[in-house]
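# Chains, contacts and geometry: an overview
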Amino acid sequence: MKGEAVKSDAVPADPVKVPAQSTPAREDGAPLLRVQGLVKHFPITKGVLKRQVGAVQAVDGLDFDVFPGETLGVVGESGCGKSTMGRLITRLLEPTAGRIEFEGVDITHLGTSKMRPLRRDVQMIFQDPYSSLNPRHTVGAIVGAPFKLQGINPSGGIKNEVQRLLETVGLNPEHYNRYPHEFSGGQRQRIGIARALALKPKMIVADEPVSALDVSIQAQVVNLLDDLQQEFGLTYVIIAHDLSVVRHVSDRIAVMYLGKIVELSDRKSLYEAPMHPYTKALLSAVPVPDPRRRQERERIFLKGDVPSPISPPTGCRFHTRCWKATEVCKTQEPPLLELKPGRRVACHHPENAEDQVPEDAVLASAADAAEIKTID
Ligand SMILES: Nc1ncnc2c1ncn2[C@@H]1O[C@H](COP(=O)(O)OP(=O)(O)OP(=O)(O)O)[C@@H](O)[C@H]1O
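In this text the structure is predicted, and so the values were computed from the model without any measurement.

## Side note on the overall build of the protein
- Along its length, the protein carries 10 helices and 14 strands.
- For the protein, the proportion of its 376 residues judged to be buried stands at 42%.
- Long-range contacts, defined here as pairs at least 24 residues apart, represent 68% of the contacts in the protein between residues at least 6 apart.

## Details of the nonpolar core
- The biggest cluster of nonpolar side chains holds 87 residues, and the ones touching the most others in it are Val143, Ala194, Val237, Ala254, Val255, Ile261 and Val262.
- Here this core takes 6 residues from helix α6 (residues 215-232), the largest share from any one element.
- The two domains that each donate at least three residues to this core are domain 1 (33-270) and domain 2 (274-375).
- Ignoring sequence-local partners within four residues, the contact set of Val237 consists of Val66, Leu72, Val74, Gly86, Ile89 and Val205.

## A word on the site of the ligand
- Close contacts around the ligand come from 13 residues, with Phe42, Ala58, Ser78, Ser83 and Thr84 the closest.
- Only β2 (51-66) and α1 (82-89) provide two or more residues apiece to the shell around the ligand.
- Counted by class, the shell around the ligand contains 5 nonpolar, 7 polar and 1 charged residues.

## Focus on the pairing of strand β12 (residues 337-340)
- Here 3 bridges tie β12 to strand β13 (residues 343-345), and the two strands are oriented antiparallel to one another. Bridge assignment links Leu337 to a residue of β13, and that residue is Val345.
- Between β12 and β13, which pair antiparallel and follow one another directly, the connecting turn spans 2 residues, one of which, Gly342, has a positive phi of 75°.

## Quick look at the domain arrangement of the protein
- What the domain assignment reports for the protein is domain 1 (33-270) and domain 2 (274-375).
- Here the C-alpha centre of domain 2 lies 29 Å away from the C-alpha centre of domain 1.
- Each side of the interface is counted separately: domain 1 has 27 residues, and domain 2 has 23 residues.
- Among the elements of the structure, β2, α7 (243-247), β9 (252-257), β10 (260-266) and α8 (267-272) are those that each provide at least two residues to the side of domain 1 that touches domain 2.
- The residue makeup of the side of domain 1 that touches domain 2, split by class, is 13 nonpolar, 7 polar and 7 charged.

## Structural notes on the sheet that holds strand β5 (residues 105-106)
- Taking strand neighbours across the sheet as the criterion, the 4 strands line up as β2-β1-β4-β5 in an open arrangement whose pairing is antiparallel. Single-partner strands in this sheet number two, and they are β2 and β5.
- Across 5 bridges, strand β1 (residues 33-46) lies against strand β4 (residues 97-102) in antiparallel orientation. Considered in β4, the bridge of Val35 is made with Ile100.

## Describing the sheet that holds strand β3 (residues 71-75)
- Here we have 8 strands laid out as an open sheet, ordered β6-β7-β8-β3-β9-β10-β13-β12, and mixed in their pairing. Looking along the sheet, the strands with just one partner apiece sit at the ends: β6 (122-125) and β12. When the angles between neighbouring strand axes are averaged without regard to direction, this sheet yields 25°.
- Contacts from α1 reach β3, β6, β7 (203-207), β8 (235-240) and β9 within the one sheet, and its direction differs from that of β8 by about 155°.

## Side note on unusual backbone geometry
- Despite not being glycine, Lys50 has its phi angle at roughly 55°, a positive value.
- Its location among the elements puts Lys50 in the loop between β1 and β2.
- Unusually for a residue other than glycine, Asn352 sits at a positive phi of about 55°.
- You can see Asn352 is positioned in the loop between β13 and β14 (370-375).

## Considerations on α1
- Taking burial as the measure, the 8 residues of α1 include 7 buried ones, the bulk of the element.
- All of the buried residues in α1 are Lys82, Ser83, Thr84, Met85, Gly86, Leu88 and Ile89.
- A positive backbone phi angle near 60° is found at Arg91, which sits one or two residues after α1.

## With respect to the environment of Ile261
- Examined against the element boundaries, Ile261 turns out to sit in strand β10.
- Ile261 sits 56 residues away from Arg317 along the chain, and the two C-alpha atoms are 11 Å apart.
- Look past the residues within four positions of Ile261 in its chain and what remains in contact with it is Leu62, Phe64, Ala254, Val255, Met256 and Leu336.

## So, the confidence of the model for the protein
- Here the protein averages 88 in pLDDT, while 90% of its residues score no lower than 70.
- Note that pLDDT drops below 50 for residues 4-26; the model gives that stretch 55 contacts with residues more than four away or on any other chain.
- Overall fold confidence (pTM) sits at 0.89, and the ipTM for the predicted complex is 0.97.

## Notes on the packing of helix α3 (residues 139-150) against helix α4 (residues 157-168)
- Viewed as axis vectors pointing N to C, α3 and α4 meet at an angle of 115°, and their least axial separation amounts to 9 Å. With respect to each other, α3 and α4 are oriented roughly perpendicular. Our pair here, α3 against α4, has a crossing hand that is right-handed. Residue-level contacts link Gly140, Val143, Gly144 and Phe147 of α3 to Ile158, Lys159, Val162, Leu165 and Leu166 of α4.
- Broken down by class, the residue content of the contact of α3 with α4 amounts to 6 nonpolar, 2 polar and 1 charged.

What counts and how
In this convention, every chain numbers its residues from 1, walking through the sequence in written order. Only residues with pLDDT of at least 70 get local features here, since the model is predicted, and only at 80 or more are side-chain atom pairs given and counted; chain-wide, interface and lining totals rely on the full set of residues. The way it works is that DSSP assigns letters per residue, a run of H or I at least four long becomes a helix, a run of E at least two long becomes a strand, and they are numbered from the N terminus. To sort residues by burial, count the other C-beta atoms lying within 10 Å of each one's C-beta; a count of 20 or more means buried, 12 or fewer means exposed, and anything in between means partly exposed. C-beta atoms are built from the backbone. Whether two residues are in contact depends on their C-beta atoms, placed from the backbone: they are in contact if these lie within 7 Å. Only buried residues count toward a nonpolar core: Ala, Val, Leu, Ile, Met, Phe, Trp, Tyr and Cys, linked into one set through C-beta atoms within 7 Å. As annotated, the domain borders come from an automatic or database domain assignment. The criterion for a residue being near a molecule or strand is simple: its C-beta atom, placed using the backbone, must lie within 6 Å of it. Gly is placed with the polar residues, together with every amino acid not listed as nonpolar (Ala, Val, Leu, Ile, Met, Phe, Trp, Tyr, Cys and Pro) or charged (Asp, Glu, Lys and Arg). The pairing criterion is simple: DSSP has to find at least two bridges between the two strands. Under this scheme, a helix contributes an axis fitted over its contacting stretch, all axes are lines through C-alpha atoms, and angles between N-to-C directions fall in the 0 to 180 degree range. The predictor rates its confidence in each residue with pLDDT, a number between 0 and 100. If an angle is under 35 degrees, it is roughly parallel; if it is over 145, roughly antiparallel; if it lies from 65 to 115, roughly perpendicular; otherwise it is oblique. Crossing handedness is read from the near helix: turned anticlockwise from the far helix by less than a right angle, it gives a left-handed crossing, and turned clockwise, a right-handed one.

This is the structure in structure tokens:
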């Protein structure tokens, strides 16, 4: 993670501290996770015979690497396939096609027994700390469950280890026998984090880890994740629906639209000079909390909803909502190309880079695709 605390409009109960600078992730070394051509189509069936009549193309050809010690933020509107991607790389879902490598080992189709060591190395934190914790189990049982599942007996015993974990995530170890409903939302998310940490994972995939929490609490949980990354050398994939949460925590950011990555870039460049029009639109919606830094800026309102992933648009999937779309966008899917060092974008007419198909005729529909307003 970047060494920058989350800032929020509300004043958090505890002061939000600025974590020490993290070790920068090395993009030139071997990746911890490598994803190639990853596809997940959910079949749509009909009738008693369950004849397949179509498919939800939730994830449709993802290529990306995650390097040891880095935080990759993954953003995009609801339904663009972020959670499906998270569940694929943690192998909670079986991919339709593509390849997933963890530490150089192909894990795409590993069976249950061969997956066992990986289950230790890769953990997931979920959005809703209310529904992801069993209300009938004590915190001790919840955080201790991974040891039992993996048949591991930590030195000093499970109870000791669980209490140590509770302390690590800022909870009172004396609360070992309490139930989830006795904790606040932020504390419950800390319980989920303690459970994820139990088996000393290398990578944590966090699916919207703070979006169910109050803004002030969000900052505390994000800072906790940052501290844990420093302490345990963790690698994170953090999924969020907008760019405001991942802004403060990511080293690199992947922007998804309708099952595809449309831009993958280091954080600083992405925020300073987005290359994909969709990224630009998402960024324009990020609030600027500090009034001294607010200036006149462009706000891009995309009209219309995200098209259905059952029959996505031809060519560039974003062309139906893009104010720059031309004829080529309707027919040719733009590949995710490295147009600048460390910056990949899938667009025929990128922002802040040379136009890939200049002089192509703009589509008549492009004029109505978005409303661009200047706001103070
Ligand atoms: N088990 C499933 N069966 C059929 N379709 C599914 C299944 N899981 C997800 N989908 C569909 O796949 C698409 C992508 O869903 P996904 O949850 O991955 O998106 P998301 O970007 O995480 O959205 P959100 O932020 O709303 O969770 C959606 O259209 C969703 O309805």
